Each structure stands twice: as C-alpha cells, then as structure tokens.
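What follows is each chain in one-letter form.
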Amino acid sequence: MMLEAREISFQYEKNSRMILENFSIQVESTDRIGLVAPSGFGKTTLCKILAGYERPLGGEVLVDGKALSEYRGYCPVQMIWQHPEQSVNPRRRMRAVIEEGNQVDPSVVDGLGIEADWMNRFPAEISGGEMQRFCIARVLGEGTRFLLADEISTMLDLITQSQIWHFLIEETQRRKIGLLTVSHSEELLKKVCTKLYYLETKTWG
Amino acid sequence: MEKNTSPVLEIRHMNISFLQYEKGFRQVELPVISDLNLTIEEGEMVAVVGSSGSGKSLLAHGVMGILPYNASMGGEMIYRGQPLTRKRIQKLRGNEIVMVPQSTSYLDPLMKVGQQICKGSRDEEKKKKLNQIFHRFSLEEKVQQQYPFELSGGMTRRIMISTALIENPRLVIADEPTPGLHLKMAKRAMEHFRQLADMGAGVLVITHDLELALETADKVVVFYAGHTIEEANASDFKEVSLLRHPYTRALWKAIPQNGFESIPGIQPYVKEMPKGCPFAPRCEKRTAECEGEIPYRKVRDGYVRCLYDA
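What you are looking at is a predicted structure, and each value in this text was computed from that prediction instead of being measured.

### Some details on the overall build of chain A
Part 1: For chain A, the helix and strand inventory stands at six helices and ten strands.
Part 2: On C-alpha atoms alone, chain A measures out to a radius of gyration of 17 Å, which is about the 17 Å that the 2.2 N^0.38 rule sets for 205 residues.
Part 3: Viewed in the frame of its principal axes, chain A has a C-alpha envelope of about 50 × 35 × 35 Å.
Part 4: When the 205 residues of chain A are sorted by exposure, 54% land in the buried category.
Part 5: Here the contacts in chain A between residues at least 6 apart in sequence split such that 71% fall between residues at least 24 apart.

### Looking at the packing of helix α5 (residues 153–165) of chain B against helix α6 (residues 183–198) of chain B
All names here are of chain B.
Part 1: Look at α5 against α6: their axes get within 11 Å of each other, and the N-to-C directions meet at 10 degrees. Comparing the axis directions of α5 and α6 gives the class roughly parallel. Side by side, α5 and α6 meet where R158, I161 and L165 of the first sit next to M185, A189, H192, F193 and L196 of the second.
Part 2: Per-class residue counts for the contact of α5 with α6 are six nonpolar, one polar and one charged.

### Focus on helix α1 (residues 43–50) of chain A
Part 1: Counting buried positions over the eight residues of α1 of chain A gives seven, a clear majority of the element.
Part 2: Turning to α1 of chain A, its buried residues number three or more, namely K43, T45, L46, C47, K48, I49 and L50 of chain A.

### Structural notes on the state of the cysteines
Part 1: Tallied over the full model, the rule gives zero disulfides over all chains.
Part 2: A disulfide-free cysteine, C283 of chain B has its sulfur positioned 6.2 Å from the sulfur of C306 of chain B, the nearest such atom.

### Topic: helix α5 (residues 158–175) of chain A
All names here are of chain A.
Part 1: Helix length check: α5, at 18 residues, gives a terminal C-alpha distance of 26 Å against a target of 26 Å (1.5 Å per residue), a fit within 8%.
Part 2: Counting buried positions over the 18 residues of α5 gives 13, a clear majority of the element.
Part 3: K176 occupies a position one or two residues after α5 and carries a positive phi of about 55 degrees.

### Looking at the packing of aromatic side chains
Part 1: Using the criterion set out here, one finds nine aromatic pairs over all chains in the structure.
Part 2: Note on Y224 of chain B and F279 of chain B: the rings are 5.5 Å apart at their centroids and 85 degrees apart in plane angle, and the pair reads as edge-to-face. Residue Y224 of chain B is located in strand β9 (residues 219–224), and its partner F279 of chain B is located in the loop between α8 (246–254) and β11 (297–299); the two are separated by 55 residues in the primary sequence.
Part 3: In this structure an aromatic cluster arises from ring pairing among F23, Y197 and W204 of chain A.
Part 4: Lying over the aromatic face of Y71 of chain A, K66 of chain A brings its terminal NZ or CZ to 4.5 Å of the ring centre.
Part 5: The aromatic ring of W204 of chain A is capped on one face by K195 of chain A, whose charged end is 5.1 Å from the ring centroid.

### Focus: the interface of chain B and chain A
One widely used convention gives an interface's size as the accessible area the parts lose upon coming together.
Part 1: Counting residues at the interface gives 25 residues for chain B, matched by 26 residues for chain A.
Part 2: For the pairing of chain B and chain A, the buried interface totals around 2,100 Å² over both sides, and the portion due to carbon and sulfur atoms is 64%.
Part 3: Among the residues chain B hides against chain A, the three largest losses belong to H208, F260 and I266 of chain B. Together they make up 31% of the total.
Part 4: On the surface where chain B and chain A come into contact, there are zero salt bridges.
Part 5: Our count for the chain B to chain A interface comes out at seven residue pairs in polar contact (both at pLDDT 80 or more).
Part 6: Within the residue set of the side of chain B that touches chain A, elements represented by two or more residues are α7 (210–216) and α8 of chain B.
Part 7: For the side of chain B that touches chain A, the element with the most residues is α8 of chain B, which contributes four residues.
Part 8: Broken down by class, the residue content of the side of chain B that touches chain A amounts to 13 nonpolar, eight polar and four charged.

### Brief notes about the environment of G111 of chain A
Part 1: By the element assignment, G111 of chain A lies in helix α3 (residues 106–111).
Part 2: Through-space distance from the C-alpha of G111 of chain A to that of V77 of chain A is 21 Å; in sequence the pair is 34 residues apart.

### A look at unusual backbone geometry
Part 1: With a phi close to 55 degrees, D64 of chain A is a non-glycine residue in the positive phi region.
Part 2: Given the relative accessible area of 44%, D64 of chain A is considered partly exposed.

### Thoughts on the sheet that holds strand β6 (residues 77–80) of chain A
Residues and elements named next belong to chain A.
Part 1: Strands sit in the order β6-β7-β8-β3-β9-β10 across an open sheet of six strands; the sheet is mixed. Of all the strands in the sheet, just β6 and β10 (203–204) have a single pairing partner and so form its edges.
Part 2: Of the strand pairs in this sheet, strand β3 (residues 32–36) and strand β8 (residues 178–182) are connected by four bridges, and their pairing is parallel. Bridging from a neighbouring strand, G34 pairs with T181 of β8.

### Points about the pattern of salt bridges
A side chain with one charge may pair with a side chain of the opposite charge, provided their charged atoms come close.
Residues and elements named next belong to chain A.
Part 1: If you walk through the whole model with that rule in mind, you get 23 salt bridges over all chains.
Part 2: Here R174 ties to E171 by a salt bridge, and the two come within 3.2 Å at their closest N and O atoms. Residue R174 and its partner E171 are both found in helix α5; the two are separated by three residues, about one turn of the helix.
Part 3: The class of R174 is exposed, set by a relative accessible area of 54%.
Part 4: Connected via shared salt-bridge partners are E4, R6 and E60.

### Here we look at the confidence of the model for chain B
Part 1: Looking at chain B as a whole, the pLDDT averages 89, with 98% of positions reaching at least 70.
Part 2: Confidence scores differ between elements of chain B, with α5 of chain B showing the lowest mean pLDDT of 85 and strand β3 (residues 45–49) of chain B the highest of 96.

### Brief notes about the pairing of strand β9 (residues 195–198) of chain A
All names here are of chain A.
Part 1: The sheet contact formed by β3 and β9 spans four bridges and is parallel. Paired with V36 across the two strands is Y198, which belongs to β9.
Part 2: Here β9 pairs with β10 via two bridges, running antiparallel. Within the sheet, the bridge partner assigned to Y198 lies in β10 and is T203.
Part 3: Once β9 ends, the chain turns through four residues before running back antiparallel as β10, passing K202 with a positive phi of about 55 degrees.

### Some details on the sheet that holds strand β4 (residues 58–63) of chain A
Residues and elements named next belong to chain A.
Part 1: Judged by pairing direction, the sheet is antiparallel, and its four strands sit side by side in the order β2-β1-β4-β5 without closing on themselves. The open sheet has two edge strands with one neighbour each: β2 (20–28) and β5 (66–67).
Part 2: Taken together, the five bridges between strand β1 (residues 2–10) and β4 define a ladder with antiparallel strand orientation. Within β4, the residue paired with L3 across the bridge is V63.
Part 3: Across the sheet, α1 touches β1, β2 and β4, and the angle it forms with β1 is around 120 degrees.

Criteria and thresholds
Residues numbered from 1 in each chain as written. Chains lettered and ligands numbered in written order. Predicted model: local features only at pLDDT ≥ 70, side-chain atom pairs only at ≥ 80, totals over all residues. Heavy atoms only, no water. Helix = DSSP H or I, 4+ residues; strand = E, 2+ residues; numbered from the N terminus. Rg over C-alpha atoms; globule rule 2.2 N^0.38 Å. Buried < 20%, exposed > 50% of the residue type's maximum accessible area, 1.4 Å probe, protein only. Contact = heavy atoms within 4.5 Å. Axes fitted to C-alpha atoms, helices over the stretch in contact; angles between N-to-C directions. Parallel < 35°, antiparallel > 145°, perpendicular 65-115°, else oblique. Nonpolar A, V, L, I, M, F, W, Y, C, P; charged D, E, K, R; others polar. Disulfide = S-S within 2.5 Å. Expected span 1.5 Å × (residues − 1). Phe/Tyr/Trp six-rings, centres within 6.5 Å; stacked < 30°, edge-to-face > 60°. Lys NZ or Arg CZ within 6 Å of the ring centre and 35° of its normal. Buried area = accessible area lost by both parts, 1.4 Å probe. Salt bridge = Lys/Arg side-chain N within 4 Å of Asp/Glu carboxyl O. Polar contact = N/O pair within 3.5 Å; in protein donor to acceptor, adjacent residues only side chain to side chain. Pairing = 2+ DSSP bridges. pLDDT = per-residue confidence, 0-100.

As structure tokens, then:
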C-alpha cells in the first residue's frame, strides 16, 4: 500500500502564512520515514492533514490512489499525538482508551507493557509514559495501515523511549504498517527510521 | 555577594509522604520520596534526573514550602548554614530563592506578563534587565504588554524562566523548565541557568532530559521511584564504566547514540513499592540481600545506593 501527499498546500486562516506549499511525499508500507525540520515548519500540521484531521487547501492525500476522504469507517491512517494527557478523556478510566481503538489485539497491550491494574485507573493516576503506551495501543487496532508519530517520546525517560520504539519498529514491520515519524532528535530518527527527509532543504538522507 | 563556605543548600534524609483516602474514611500513607540527600554548592549547577512519576517535582515543592496540605515532610534542609524553616523560606522565596515551576498554569492570568515578571515594580533598572532578557530569548518587546492566554506554549515557558532571571537569586530551582521548547531554545535556557551558577548562585534543575542536563550541569543526581540512587559528576557519563548504579548504566545505554538498548519492566508504583532496592525487580544482579536496607554510600567522588555495583 502507499500513502501519498500530492502537491498539498495549507494555511490556517486566509492571508496568514502558508504553512505547506505544494508539498509531496510518498510512504510505502515497508517505509519508516523520519521528518527533520526546525520548529514552526508545519510538521504537526502535515501529520494532521495526512491523518485526515485537516483538509489541505490544495492538492490531495491518497491511500492506494484513492482519496483519504473517500474511505468510510475506520481511517487507515492513524496518528499518535505529542501530549498523551491531552488526548485521553480525563473522566474515563484507561480501559476506555483501548476500547476507543478498533479491536486492539491483546498482544499489542502486552507488548507495550501495559499492566492489567492500570486499566482501572484514571488518567490523573498514571504517569505520562504509561499513558503514552495506551495512546499507542489505541491506534494499533485492526485496519491501521499507516502510522504517524508526532514527537511521541519527548516527555519520556530514555529507557521508556527505547522500549516503546523497539516495540513499534517490530510491530510495524510485522504488520507492514508504514510509519512516518517526527522528532527533534536526529539521533533518534537515525536509529528508528529507514529514511530521513529534511524539510528545510527538501532532500533525503 | 559575601563569601560563604557552607553549601547553598544541603538536604539530609528528606522524605515526603502523602495521606490519601482509600475506601470511605480509611487512610493510607504513600511514601513518595525516601531518604533524599543532596548538596548544592555556590556556583554549582546540579541536575536531578528521573522519569515521570519518580517524585522529582515534589522535591522542588518541598524546598519552597508549597507542598499540598495532605503531604508531610521529614528530614533536614540547611540553607547557607542555617536550617531552612517554614518562616525562613517564606521570607526568602521570590527574591533569594526562586523557582521556575513546571506547569504553565502558575502565571497570573489577569496580569500582563511584563508587570508579572517585574512583580509590578516600575524600577528603570529592572525594565532594562527585562528588555535584555527578552532580547536573549527572542521575545518581542510587545509581548510584555500581553496576557498569558495570548502566548504560545514555548513563549510561556520562556516567560516563566524570565521570572527567575530578573532577580539576583542565590538559589534557583527549576522544575522541568524546557518541555515544549525546541532544542535550540532549550539549550539556550539551560545556558542561562548555567550563567546564574557561574555568577555564584546554586542552581538545581529538575528534568527528565538526561542528554540536555549533561551539556550544562556539573553534577547529576539520578532519581528512581522516589529514591536518589546515584550522584555522579556530569563527566562520568562520558563512559559507562564510570557510572555506579545499574539503572544509570541502563539509562546511558538507552541514549540513541550509545546503542538505544532498553531493559524490560517499569518503575514501580508507590503503592506497590518493593522492599529494599526499588530497582531490584528489573536488575540482573539482584540477590536476596537487595530486599534489605540499602545504604547510600560514597564511591569514587560520587554516591550510589546499591550493594554491588560501583
């Protein structure tokens, strides 16, 4: 399968700065692409467009040649957000986060080291690292074909960061899920990704 | 600043626990920090590094005397040779002892940021200093006339750091001052704390970002599940064999450039704390003795809380 952005452009308000201009990228199922760019370059915006949270002003997002907006039901492109505490409902137990996903396999929950006891806790009762594991499990349900990871490990300690990335690399490889990841740490991207793309110079590395 | 040979801050055997209601009126005491020891000398920058949920923020709140009502604290704190009592900290905080809080909600939402940083003072000197700080942080001058809700996350962060830089503090405690800042800005912020230290203040930076801490700090104190498990010189992190505790070594090996290795398991939750060494369940070298009392002992110009490694 292939996720493709074709000549997309985007701005949040009329007359404001163009965040993306005629930007194109292709992600194959076997790719792990790392995006490198300084802050304010529109990395998060790009992820939001590719996952269907925002519509581009110009250009289109295609999955296997078909426009993303034409897919019905579960979206094949899923996104993991930078701030897990802002992407879960504070009034529902952690179990609900997994239930929001599309039939998440128990092996995913196990593989991420989520313990049975955490399921009954509220978001305020677990740490950021534990919460991010739930958010990752949520997007690894059936039907996920592409995964976008936007600075998902900046708030984690080094060991947790390494644990989570090793799991994601193995899982996406096994299930042939294409991965696009954004991080300020080039060293991390070099370890995780098969290819790096430098937005500033529009070159591959 | 007059010469003072005693350390700026010395913390001996600090412990902090919370009283929490379980079912109905049954209360449990949760020990979040146990036997914490820390010394900050004049001109020294000490980084406390630990993962989220390890209790690092409480350390800052404990020193500043702003723990919530259901917390209790034990142990000794000595500030410049004298015990840091409740009365004394109330007098010193905000001028001699300043804190940069972690949560961005600590700013007054109804006060313009410029006034807030200067605490309402109209002193020309202070205004000049503020303009310099803003310039160094690439903040426009007009931001001084704005309210906190008008700022982005990264700007708020820089404003909070400015509140500490405007004073002439002797002790600075920064609690996770850099998240939300991109790498260049985070490094610049750390350099400012470094400058404060070079000018003679004692600086304590609490962070989860070991790599960033190593670039500027003199000493690194590693925190795990509420225990200080190692105190090392920043230079010890150049080579894994110089580190003392198995957890610190695992942290080192998890840095992408150093192999990106991981170890299984998670930091124990306060309610399920193992006896003795908190790291024992994840440690390859654990023995039956690890369930007993583990002393914090001096090894090679640093400290470690482990029976075996050194």
